[in-house]
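For reference, the chains in residue letters:
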Amino acid sequence: MKRIRRRELLKQTAARTAAVALAAGAGAVPSILRSTVARAASVGREATFVVADGTEPNSLDPAVGTGPFQAIINAMFDGLVQWNEKGQIQPALATSWTSSGGGRIWTFSLRPGVRFHDGTPFGSDAVKATIAHILDLSTPATRRGNYLLIKDVLTPDEHTVRFVTDPPNPDFPLLMADGSAKIVSPAALKTYGQDFGRHPVGTGPFAFEEWVPNDHVSASLNTAYWGPGSGVRRFLYHPIPESAARVVVLKTGEADVVLDLPPTDMDALRHESGLAVYATPAQTIAELEPAQTKPPLKDVRVRRALNMAIDKDAIIKGIMRGFAKPLHSPGIPGLWGSFDFAPVPYDPNQARQLLAAAGFGGGMDLTINITAGRWAGDLQVVQAVQGYWANVGVRSTVRQMDFATLLVGSSSDPDARPGALTSLVKSSSYIDYHLYRMYDSEATNVPGTQQRTGYGNPEVDKLLAQERSMFDQPQRLPILKRAQQLIWQDQPLIYLFQMVNLWGARAGTKGFVVLPSGDFVPGGLRRT
Amino acid sequence: MFRHIAGRLLWAVPVLLGVSVIVFGLLKLIPGDAAQVMAGTDATAADVEAIRQQLGLDRPVYVQYVRWLGRLSRLDLGRSAVTHRPVVYEIASRIPPTAELAAAAMALAVALGLAMGVAASTHQHSIWDVTASLAAAVGVSMPIFWLGLMLMMIFSVGLRWLPSTGAGTFAQLVLPALTLGSTSMAIIARQARSAMLEVLQQDYLRTARAKGVTRWVVVMRHGFRNAVIPIVTVVGLQLGYLLSGTVLTETVFARPGLGRLIVDSIRSRDVAVVQSAVMVLSVTFIVVNLAVDVLYAYLDPRIRFD
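Residues numbered from 1 in each chain as written. Chains lettered and ligands numbered in written order. Predicted model: local features only at pLDDT ≥ 70, side-chain atom pairs only at ≥ 80, totals over all residues.

## Concerning the domain arrangement of chain B
All names here are of chain B.
- Parsing chain B into structural domains produces domain 1 (2-73) and domain 2 (95-299).
- Taking only C-alpha atoms into account, the centre of domain 1 sits 33 Å from that of domain 2.
- In this assembly, 16 residues from domain 1 lie in contact with 15 residues from domain 2.
- Of all the secondary structure elements, the ones that give two or more residues to the side of domain 1 that touches domain 2 are α1 (2-29) and α2 (34-39).
- Top element by residues in the side of domain 1 that touches domain 2 is α1. It accounts for 12 residues. (Domains from an automatic or database assignment. Contact = placed C-beta atoms within 7 Å. Helix = DSSP H or I, 4+ residues; strand = E, 2+ residues; numbered from the N terminus.)

As structure tokens, this is what we get:
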């Protein structure tokens with residue numbers, strides 16, 4: 001081996017350093033950079049619709065990839081039915097649906113002439129294969145539990161599929177509108193097996209092109225799409241974890257639509273030309289979940305007083321900068337079957353009286369557990385609550401922890417943590433799901449459940465069981481209302497507010513909706 | 001010379017073992033359950049227990065550590081709990097963008113840092129010196145996160161010269177490299193300045209000047225050559241800083257890479273990926289330090305013939 005001499009080494013180092021310095025110097029020349037950018041930007045940018053959100057997909061298999069990156073899943077896949085922005089379901093791959101057999105059988109008529117991106121014809125066998133894929137234990141399907149009621153999938157003909165469920169469920173079509181129920185190509189499932197999430201094949205307006213982890217997922221236009229045609233040739237999902245960087249790409253036009261914008265930038269963005277920002281109600285509420293099987297939080301007067309002691313309007317205005325809505329319901333406003341009730345007024349004096357009547361005139365000690373940073377302003381909101389409670393004599397300690405620890409706490413036995421509250425947000429797309437998991441005693445004190453508050457009201461349990469077995473939607477409404485009225489009287493949670501979706505779009509973009517769930521759904525994309 | 005390198009290589013073994021104990025131990029100490037992550041939110045307790053047994057998480061911690069070390073030595077790093085793909089693949093696919101970013105940042109830092117440091121030392125107390133020292137002080141003080149956003153606001157939003165995010169083109173590399181390299185550049189500039197100042201005051205250089213040797217030869221051939229050893233030390237140390245800095249830089253600029261993989265994996269408690277990625281970074285750091293040690297031997301005869 002030739003030995004390098006010191007002199008040679010130094011010469012080479014100097015020469016290379018000079019070369020790099022020259023290259024760096026050249027890189028700083030704006031004209032060269034401008035042309036580089038122009039070249040990079042011109043490669044199909046005009047024909048590409050770019051959506052940016054904060055999260056990298058864990059999988060592009062709809063059954064597995066159920067996180068907040070649904071834009072790309074929605075671009076490549078269709079479900080039997082789909083949500084619209086008013087929170088109603090509408091036909092997609094199914095054109096109509098009916099229930100029979102006392103609600104145990106749901107029959108969907110399928111759209112004819114549809115093909116998957118790999119050329120496989122879409123039909124009842126694809127629906128059957130999709131459900132079998134979700135229920136297959138080797139598929140890490142995050143929402144498998146919701147599908148366990150499906151006992152059989154029958155395929156009487158190519159364009160008809162019949163689901164047999166037990167127990168009967170009036171909300172079954174809503175389950176079929178879930179992102180996890182998008183229909184996948186049976187041929188691709190067979191070819192790729194558990195690696196389908198890297199080779200997704202659906203029937204959507206765009207067909208999968210490539211996935212560069214942590215950079216982008218792209219899909220090209222499906223010219224044979226059954227739905228509205230798009231005026232762009234490509235769709236690109238760009239995960240940008242840092243919210244300030246998402247603001248930048250919206251301003252520069254590097255992205256056409258940006259989801260999950262930070263509230264602090266909304267005012268400035270409103271005055272920016274060439275783009276529009278929106279604050280639309282979300283299906284998400286922010287709340288504190290008290291462990292209420294033991295004093296002091298067992299007493300309804302205490303929970304009422306704690307709700308009454310917080311000036312929620314001031315929090316919405318001061319901390320959330322107006323980007324939240326007051327919550328006067330145990331449901332989620334905007335969902336079918338959710339009802340509003342008389343607001344619990346901000347009244348510190350009455351709160352003090354209620355606490356005194358409950359035997360806590362001398363105050364009490366509480367603990368609020370929180371994972372800070374899960375949504376903008378969360379810690380400040382909880383600190384404000386702490387201040388309002390101190391004003392009525394309630395001493396509270398805010399304990400910050402990572403999310404895994406928080407969930408270990410919130411799902412532990414409520415008897416073992418009297419006086420503890422957990423700061424959480426809850427999102428649901430239909431009312432029964434929300435009411436059941438938050439307030440039915442079957443669900444609120446089950447080991448492992450996230451919302452283990454221990455709340456229970458036998459009358460509420462009875463009403464929820466009753467409405468869930470009714471298939472006449474209008475008849476369910478009064479029962480849902482009565483159940484929510486009883487829950488509202490019990491004040492089992494510390495209700496903070498309803499969140500809003502903050503998103504922005506470049507001027508001249510159209511042909512999409514952002515659902516209350518926060519999901520972007522393309523429907524004939526255009527950019528001018 | 002050989003003894004010197006062999007000694008350094010031997011030292012790397014206990015260091016690596018120490019790192020492996022820390023990486024393994026830290027992830028054991030933080031709460032949360034890797035089996036639960038793998039099983040998903042709807043899994044039954046029996047499912048989680050089955051996965052725990054399958055992963056060997058029901059065994060004593062020291063057994064888990066030894067088994068992990070054994071697999072690590074065979075490069076069998078297991079599968080990601082989130083993507084269910086081999087960890088080796090997840091990491092290998094993220095190394096090129098991170099290496100590209102670190103190399104570009106280092107090139108910028110060395111080129112500009114040396115130029116600034118040498119210019120400041122040869123023009124001591126001039127406007128060059130003051131400017132270079134000020135730039136170095138600012139460079140050291142600015143957090144990566146803030147600097148990245150400021151550069152984006154100026155060059156992407158204001159001037160529209162450069163793209164703000166992404167990877168793949170030269171233009172997309174400029175802002176992240178500048179952000180990541182700025183602190184190292186400042187440190188190298190300061191080190192180069194002080195090393196050069198010290199060398200330039202030596203008697204032999206005064207003699208060289210008195211003999212009529214040109215200024216360029218005095219500074220670059222006689223001065224810089226002798227000042228380079230402490231600078232190489234700093235450059236070596238800075239590479240470690242750059243590797244850790246990629247975590248923030250890749251997050252701010254939404255670039256794919258090892259740093260971002262670590263952040264995402266920590267958030268989702270993807271233990272297998274975090275452990276392996278941190279080990280890869282640690283090994284890189286140790287190898288770079290080893291390379292710097294070997295380089296000393298070439299540069300400094302006192303070490304070579306020790």
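## Some thoughts on the packing of helix α7 (residues 144-158) of chain B against helix α8 (residues 170-200) of chain B
Residue and element names in this part refer to chain B.
- Contact geometry of α7 with α8 gives a least axis separation of 9 Å together with a crossing angle of 145 degrees. Considering only the axes of α7 and α8, their crossing is right-handed. Residues Ile144, Leu147, Gly148, Leu151, Met152 and Phe155 of α7 touch α8, and the partners they reach there are Leu175, Leu178, Thr179, Leu180 and Ser182.
- Residues that form the contact of α7 with α8 fall into these classes: 8 nonpolar, 3 polar and no charged. (Axes fitted to C-alpha atoms, helices over the stretch in contact; angles between N-to-C directions. Left-handed = near helix turned anticlockwise from the far one by under 90°. Nonpolar A, V, L, I, M, F, W, Y, C, P; charged D, E, K, R; others polar.)

## Some thoughts on the nonpolar core
- Ranked by internal contacts, the top residues of the largest apolar core, which has 182 residues, are Ala105 and Ile188 of chain B.
- If we skip the residues at most four places from it in the chain, Ala105 of chain B touches Ala177, Leu180, Gly181, Ser184 and Leu242 of chain B.
- Of all hydrophobic cores here, the second largest spans 12 residues; its members include Ile431, Leu435, Tyr439 and Val460 of chain A. (Core = buried A, V, L, I, M, F, W, Y, C linked by C-beta atoms within 7 Å. Buried ≥ 20, exposed ≤ 12 C-beta atoms within 10 Å, placed from the backbone.)

## Comments concerning the sheet that holds strand β4 (residues 94-100) of chain A
All names here are of chain A.
- Sheet architecture is open: 4 strands sit in the order β4-β5-β7-β6, paired in antiparallel fashion. Looking at the sheet topology across the chains shown, the edges are occupied by β4 and β6 (150-157). For this sheet, the mean angle separating the axes of adjacent strands, direction not counted, is 20 degrees.
- Examined bridge by bridge, β4 and strand β5 (residues 105-110) share 6 bridges and lie antiparallel to one another. Note that in β5 the partner of Ser96 across the bridge is Ser109.
- Seen against the sheet, helix α4 (residues 124-135) touches β5, β6 and β7 (160-165) and runs at an angle of roughly 165 degrees to β6. (Pairing = 2+ DSSP bridges.)

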